[in-house]
Amino acid sequence: MKKIQNYVDGRLLEPAGGKYLDNYDPSRGKVYSLIPDSSSEDVQLAVDAAKKAFPGWSAKTAKERSEIMNRVSGLIHENLGRLAEAESLDNGKPLKLAKTVDIPRARDNFSFFATAILHDEDPFYNMGESGFNYTLRKPIGVVGCISPWNLPLYLFTWKIAPALAAGNCVVAKPSEVTPMTAYLLSELCMEAGMPPGVLNIVHGTGPGAGQPIIEHPEVKAISFTGGTKTGEHIARTAAPMFKKLSLELGGKNPNIIFADCDFDKAVKTSVLSSFANQGQICLCGSRIFIERSIYETFKKAFVERVKALKVGPPQGEDSKMGAVVSQAHMEKVLGYIELAKEEGGSILTGGRTAPQEGEFSGGYYIEPTVIEGLEYTCRTNQEEIFGPVVTLTPFDSEEEVLKMANSTAYGLAATIWTHNLNRAHRVAAGVDSGIIWINCWLVRDLRTLFGGMKASGVGREGGYEALHFFTEPKNVCLQF
Ligand code: TXE
């Protein structure tokens with residue numbers, strides 16, 4: 001049984017307490033590896049290593065850091081197949097998705113920030129006779145990066161790359177549910193010649209290994225992606241210590257479809273935005289609002305396409321959906337489907353587990369599920385399900401759909417389908433979301449800001465937002 005190890009001070013280490021957790025393959029429902037059940041002792045070793053490495057790493061020029069990070073990016077590319085297989089096995093997502101989205105994006109996260117630091121500019125304000133001001137950005141020091149299980153290496157690197165590029169040293173904890181690719185990345189970092197202690201990866205549970213990171217007095221900033229509840233807890237712990245906080249949390253995203261949309265594209269893309277990664281992407285559009293005049297036509301076309309989605313073993317060539325990430329998550333999602341029925345919803349398709357044959361019979365598979373007939377205020381439409389479940393709701397006016405769309409505690413992403421550009425920009429301005437797509441979904445430019453408002457988080461990731469989060473800027477004013 002493969003034993004994953006921590007990556008501390010440039011070496012692969014057993015957890016100090018010698019304890020391990022089971023790591024499941026969700027497609028078979030079986031334990032296939034073990035992960036360190038690390039504690040504050042392991043976190044202390046990692047913080048000490050990061051502190052020791054910080055002077056050397058922050059003193060390197062942007063070009064020197066860029067070269068090492070580009071080597072990591074190149075090694076991710078060279079190992080793309082192996083990393084994709086590991087990701088698919090660990091998370092349950094289709095292998096094709098890991099190969100075309102997750103791992104290429106992890107590679108690009110490293111190369112993007114490795115080059116962004118070569119082009120970053122800081123303001124200079126000239127006061128003429130009185131002198132001038134310049135912004136001096138310094139890396140923060142030792143920072144904590146904590147990531148979730150839905151896009152494991154994609155989101156893990158989305159945090160550590162800007163942190164490292166900006167000159168910080170990192171203590172990182174991937175989700176205990178999907179630790180494998182972060183472990184494989186540590187081997188690539190060693191191969192790339194990343195100096196010991198610059199990146200440290202401590203595996204374990206939230207309370208066991210995550211909590212010691214967020215409360216450690218020498219970890220000066222925390223970048224977190226995960227559930228809103230955990231985000232609240234991290235904020236409560238870190239805020240009184242005046243740590244910089246970046247929280248990318250849950251979502252309950254509206255997908256707003258006007259009658260004048262590009263109908264075929266809206267249907268096709270909505271299937272993707274509803275069920276990609278088994279609906280386990282914080283950007284998925286789980287509440288579909290359709291202008292009443294096309295409601296029945298859209299519903300028919302959408303449900304037909306959803307019925308055709310094949311749920312199967314992740315390595316299956318024609319599997320469009322794989323397994324959800326864990327037994328606990330499957331039960332959570334199925335619980336919400338039961339709740340939807342109690343709240344008066346009717347299941348148009350799906351609503352059950354999708355049991356597989358043979359070695360995959362123990363896996364966590366759920367049919368893509370479409371529900372209509374619910375009040376926009378009911379729990380099913382207000383709470384994050386984070387699985388292959390969407391609801392359909394008709395609307396009669398822009399005002400009404402904005403009221404419904406903005407009615408949840410969340411404010412992460414939104415999609416708007418219309419050819420009326422005035423309306424597109426008006427609705428984009430009116431919807432409480434930090435990330436908005438018009439006539440498309442999940443089209444990403446890494447230079448753009450990324451993040452949400454309300455219960456979807458605090459701060460923005462992406463581009464220079466991320467780099468600047470991981471620095472302390474000073475204004476220096478000089479008089480002749
Ligand atoms: O996230 P958690 P989970 C949503 C989704 C999901 C819910 C919970 O609704 O059902 O969040 O998912 C670490 N101190 N999203 O349980 O618990 C934990 O070990 C420090 C949306 O996976 O938030 C893991 O590494 N760290 C999200 C990370 O936090 C702690 C994607 C996320 O775990 C900790 C995933 C603590 N006290 C889930 N407790 C998105 N926005 O993309 C936990 N952790």
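Draft legend 1. Broad picture of the overall build of the protein chain. A count of helical and extended segments in the protein chain gives 15 helices and 21 strands. Over its C-alpha atoms the protein chain spans a radius of gyration of 23 Å, differing by no more than 12% from the 23 Å that the globule rule assigns to 480 residues. Dimensions of the protein chain, computed from the C-alpha atoms along their principal axes, are close to 70 × 65 × 40 Å. Counting the 480 residues in the protein chain, one finds 59% classified as buried.

Draft legend 2. Summary view of the sheet that holds strand β5 (residues 30–36). Taking strand neighbours across the sheet as the criterion, the three strands line up as β1-β5-β4 in an open arrangement whose pairing is mixed. Across the chains shown, the open sheet's two edge strands, defined by having one partner strand only, are β1 (2–3) and β4 (20–25). Note: β4 against β5, six bridges, orientation antiparallel. Within the sheet, the bridge partner assigned to asparagine 23 lies in β5 and is serine 33. Sheet strands touched by helix α3 (residues 80–91): β4 and β5. Its angle to β4, the strand with the most contacts, is close to 100°.

Draft legend 3. Focus on the site of the ligand. Close contacts around the ligand come from 27 residues, with Trp149, Glu176, Leu249, Lys332 and Glu384 the closest. Here a nitrogen atom of the ligand and a side-chain polar atom of histidine 233 are 3.4 Å apart. Taking lysine 332, its side chain carries an N or O atom lying 2.6 Å from an oxygen atom of the ligand. Considering the ligand on its own, with 810 Å² of exposed area, one finds that the protein chains cover 86% of that surface. By residue number, the principal contributor to the shell around the ligand is helix α7 (residues 206–214), which donates four residues. Looking at the shell around the ligand, its residues break down into nine nonpolar, 13 polar and five charged. Residue-level mapping places the shell around the ligand at the junction of two domains, with at least three residues from each of domain 1 (2–249 + 457–479) and domain 2 (254–454).

Draft legend 4. Highlighting the domain arrangement of the protein chain. Looking at the protein chain, the domain boundaries give domain 1 (2–249 + 457–479) and domain 2 (254–454). The centre of domain 1, based on its C-alpha atoms, is set 30 Å off from the matching centre of domain 2. Counting residues at the interface gives 34 residues for domain 1 and 36 residues for domain 2. Buried surface at the junction of domain 1 and domain 2, summed over both partners, amounts to about 2,800 Å²; 54% is from carbon and sulfur atoms.

Draft legend 5. Seen up close, the sheet that holds strand β17 (residues 389–395). Strand order in the open sheet formed by seven strands is β15-β16-β17-β14-β13-β18-β19, and the pairing between neighbours is mixed. Looking at the sheet topology across the chains shown, the edges are occupied by β15 (346–349) and β19 (435–438). Each strand axis lies, on average, 25° off the axis of its neighbour in the sheet, ignoring direction. The sheet contact formed by strand β18 (residues 413–417) and β19 spans four bridges and is parallel. In the strand pairing of β19, alanine 413 is matched with isoleucine 435.

Criteria and thresholds
- Residues numbered from 1 in each chain as written.
- Predicted model: local features only at pLDDT ≥ 70, side-chain atom pairs only at ≥ 80, totals over all residues.
- Heavy atoms only, no water.
- Helix = DSSP H or I, 4+ residues; strand = E, 2+ residues; numbered from the N terminus.
- Rg over C-alpha atoms; globule rule 2.2 N^0.38 Å.
- Buried < 20%, exposed > 50% of the residue type's maximum accessible area, 1.4 Å probe, protein only.
- Pairing = 2+ DSSP bridges.
- Contact = heavy atoms within 4.5 Å.
- Axes fitted to C-alpha atoms, helices over the stretch in contact; angles between N-to-C directions.
- Near = heavy atom within 4 Å.
- Polar contact = N/O pair within 3.5 Å; in protein donor to acceptor, adjacent residues only side chain to side chain.
- Areas by Shrake-Rupley, 256 points an atom, 1.4 Å probe, with all protein chains shown as cover.
- Nonpolar A, V, L, I, M, F, W, Y, C, P; charged D, E, K, R; others polar.
- Domains from an automatic or database assignment.
- Buried area = accessible area lost by both parts, 1.4 Å probe.

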